[in-house]
Amino acid sequence: MIAKKFIIFISIIYGYLVGAGLYGFSNDYYAEYYQSNLLYPHFYDKLGSLLSTLTIFETHIGVYLTSFILSFSTGYILKCFFEIKQKYSYFAFFFIFLITLHVHPVIMSTSGAMRQGWAMSCIFFSIALILRDKNKLSLLFIFFAIFMHKSGLIFFFIYLMSHLTFFLTQGLKTKYVTLFAILLVGIVSFFLAIYMALLSGFSSSDHRIVAGDFRFAWLIVNLCYIFFFFLTYDNQKKKQIKRICLFLYIHASTAPGLLYMGLNWQYERINMVIGILLILVISLFLKKNSFYLYLTLAMCTYLFLTIYQGMYSIGLT
């Protein structure tokens, strides 16, 4: 109960401070999100653009609302991971939560990649609900992500593929047959990502890296997670954990397909969305005594990289 109240309280404060301009605003905000009740033409952007620029009685509340939801969804999923580890220190939770609110995926989405921020929040809620074994609500939130940002379409595909794989592999006789089937699904997902890129027409448009080039770094992360997934398969005891690990496995298999097609910044963006989730999932396989230390070091390192890359000096002005 204390954690719930703290998440709500911090989310209200965080939403207000960001909306009031304490952190500054990104170039995306000055270019488009400053507008009132903006509606993008495509169905997959309409709700995200409207919520990001929501204006009521000539009061622009889009940034306040987006920042609140980002904070609340981050706190909610973090709380779920703490609970599943059955280890709870309020001080550690509060500290890690506050640090996480200032790392790249969250702070960037408060006034910059706002539509994608809404999609990321939906994904956080969806994954957290899997941990709580509320699969219908989980599906509903990942479905909402479709209407927030075009990346939601990719994550909806990943969600369906991961859950389909989970159910299809339940009846297989041996572990090795199961792992081989999962490997085949990963390969198929890679080629389906290429096909979707061709079908969407994204591959024919101009693509460039914004600020630093992190393609190679994210490719290493994707490949390392695939290896990590198979390495820890025997330790994925609970079905909720298996589903989340499969979700990230399908993501790690799908994302390089976009990179192969030259969708450079799209590749970085969809990896950015799951950056925090990757850190949290890895923590599930650590001993309880290492849980707090790992999350603290991981999030502090992420914050350092966020500052070092100029998020607060260049990204927010």
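For every chain, the first residue of the written sequence is number 1, and numbering continues from 1 onward in sequence order. Reporting in this predicted model follows two pLDDT cut-offs: at least 70 for local features of residues, and 80 or more for side-chain atom pairs to be given and counted; totals over whole chains, interfaces and linings ignore these cut-offs and use all residues. Where side-chain values are given, they derive from all heavy atoms of the structure, hydrogens and water being excluded.

Peer 1: Explain the overall build of the protein chain to me, please; I cannot follow it from the model alone.
Peer 2: Secondary structure follows DSSP: runs of H or I at least 4 residues long count as helices, runs of E at least 2 residues long count as strands, and numbering of each begins at the N terminus. For the protein chain, the helix and strand inventory stands at 16 helices and two strands. Note on method: radius of gyration uses C-alpha positions; expected globular size equals 2.2 Å times residues raised to 0.38. Taking 2.2 N^0.38 as the reference for a compact globule, 317 residues should give roughly 20 Å; the C-alpha atoms of the protein chain span a radius of gyration of 19 Å, in line with that estimate. Along the three orthogonal principal directions, the C-alpha set of the protein chain runs to about 60 × 50 × 35 Å. Partly exposed describes any residue whose relative accessible area lies between the buried limit of under 20% and the exposed limit of over 50%, with all areas from a 1.4 Å probe on protein chains only and scaled to the type maximum. Counting only residues that meet the buried cut, the protein chain has 55% of its 317 residues in that class. Counting only carbon and sulfur atoms, one obtains 70% of the accessible surface of the protein chain, whose full area is about 14800 Å². In this tally Asp and Glu are treated as negative and Lys and Arg as positive; neither His nor the chain ends contributes. Note on charges: their place is set at NZ of Lys, CZ of Arg, CG of Asp or CD of Glu. With 23 positive and 10 negative side-chain charges, the protein chain shows a spacing of 16 Å between the two charge centroids. Per-residue accessibility takes into account occlusion by the displayed protein chains alone, with areas from the Shrake-Rupley method and a 1.4 Å probe.

Peer 1: What am I meant to see in empty space enclosed by the protein here?
Peer 2: Gaps left between atoms are located by rolling a probe of water-molecule size over the structure's atoms. Of the two site types, the cavity is a set of points on a 1 Å grid over the protein atoms alone where a 1.4 Å probe fits but cannot get out, and the pocket is an open set with protein on both sides within 12 Å along at least five of seven lines, each lined by residues with an atom within 4 Å of a point. Grid points are joined across faces, edges and corners, and a volume is the space filled by probe spheres set on the points. Overall, the coordinates contain one cavity of 30 Å³ or more when judged by the stated rule. Approximately 30 Å³ is the volume attributed to the largest cavity. Contributing to the lining of the largest cavity are Asn-222, Tyr-225, Leu-248, His-251, Ala-252, Ile-274 and Leu-278. Take the lining of the largest cavity: its biggest share by element is three residues, from helix α12 (residues 239-260). Each residue receives one of three labels: charged for Asp, Glu, Lys and Arg, nonpolar for Ala, Val, Leu, Ile, Met, Phe, Trp, Tyr, Cys and Pro, and polar for the others, Gly being one of them. Here the lining of the largest cavity is composed, by residue class, of five nonpolar, two polar and no charged.

Peer 1: Explain the packing of helix α11 (residues 215-231) against helix α14 (residues 275-283) here, please?
Peer 2: Two quantities define a packed helix pair, namely the angle between the axes and the distance from one axis to the other. One way to put it is that α11 packs onto α14 with a least axis distance of 13 Å and a crossing angle of 30 degrees. Our classification of the angle between α11 and α14 gives roughly parallel. In this structure, α11 meets α14 at a crossing whose hand is left-handed. Of the residues in α14, those touching α11 at Trp-218, Val-221, Tyr-225 and Phe-228 are Gly-275, Leu-278, Val-281 and Ile-282. Taken together, the residues that form the contact of α11 with α14 break down as seven nonpolar, one polar and no charged. Fitted lines through C-alpha atoms serve as axes, helices being fitted only where they are in contact, and the angles separating the N-to-C directions of these axes extend from 0 to 180 degrees. Oblique is the label for every angle not falling under 35 degrees (roughly parallel), over 145 degrees (roughly antiparallel), or within 65 to 115 degrees (roughly perpendicular). For a crossing to be left-handed, the near helix must be turned anticlockwise from the far one by less than a right angle; the clockwise case is right-handed. Contact definition: two residues touch when any of their heavy atoms are within 4.5 Å.

Peer 1: Looking at this structure, I do not really get the packing of aromatic side chains. What am I missing?
Peer 2: The relation between two aromatic rings is expressed through the spacing of the ring centres and the mutual angle of the planes. In this scheme Phe, Tyr and Trp rings, the latter by its six-membered ring, pair at centre separations within 6.5 Å, and the angle between planes marks the pair as stacked below 30 degrees, edge-to-face above 60, and tilted otherwise. In this structure the tally under the stated criterion is 33 aromatic pairs. Both rings, one in Phe-6 and one in Phe-97, keep their centres 6.1 Å apart while their planes meet at 70 degrees; by these two values the pair is edge-to-face. Linking Phe-6 in helix α1 (residues 2-19) with Phe-97 in helix α5 (residues 90-100), this pair joins segments that are 91 residues apart in sequence. Each member of the pair, Phe-6 as well as Phe-97, carries the same accessibility label: buried. Here Arg-115 stacks its cationic end above the ring of Tyr-40, 4.3 Å away from the centre of that ring. Ring-over charges, as used throughout, are those where CZ of Arg or NZ of Lys falls within 6 Å of the ring centre and within 35 degrees of the ring normal.

Peer 1: Just to check I follow, could you spell out helix α9 (residues 151-168) for this structure?
Peer 2: Residues that lie three or four places apart on an α-helix share one face, since the helix turns once every 3.6 residues. Expected span of a helix, by definition, is 1.5 Å for each gap between consecutive residues, and there is one gap fewer than residues. With 18 residues, α9 should reach 26 Å at 1.5 Å per residue; the first-to-last C-alpha distance of 26 Å fits that figure. Summarising burial for α9: 13 of the 18 residues are buried, a large majority.

Peer 1: Would you take a moment to explain the nonpolar core for this structure?
Peer 2: Buried together is how nonpolar side chains tend to be arranged in soluble globular proteins. Here, the term nonpolar core denotes a set of buried Ala, Val, Leu, Ile, Met, Phe, Trp, Tyr and Cys residues that are joined through side-chain atoms within 4.5 Å. In this structure, Phe-155, Tyr-225 and Phe-247 are the most contacted members of the largest nonpolar core, which totals 97 residues. With sequence-adjacent residues up to four places away left out, Tyr-225 is seen in contact with Cys-245, Leu-248, Tyr-249, Ala-252, Leu-278 and Val-281. Counting seven residues, the second largest nonpolar core, distinct from the first, contains Ile-69, Cys-122, Ala-145 and Met-148.

Peer 1: Please clarify how the environment of Arg-269 should be interpreted in this entry.
Peer 2: If you trace the backbone, Arg-269 turns up in helix α13 (residues 264-273). With eleven residues separating them in the primary sequence, Arg-269 and Leu-280 have C-alpha atoms 18 Å apart. If we ignore the near neighbours within four places in the chain, the residues touching Arg-269 are Asp-28, Met-108, Ala-113 and Gln-116.

Peer 1: Is there a simple way to think about helix α6 (residues 104-111) in this case?
Peer 2: The buried count for α6 comes to seven of eight residues, which makes it a mostly enclosed element. Among all positions of α6, only Pro-105, Val-106, Ile-107, Met-108, Ser-109, Thr-110 and Ser-111 are buried.

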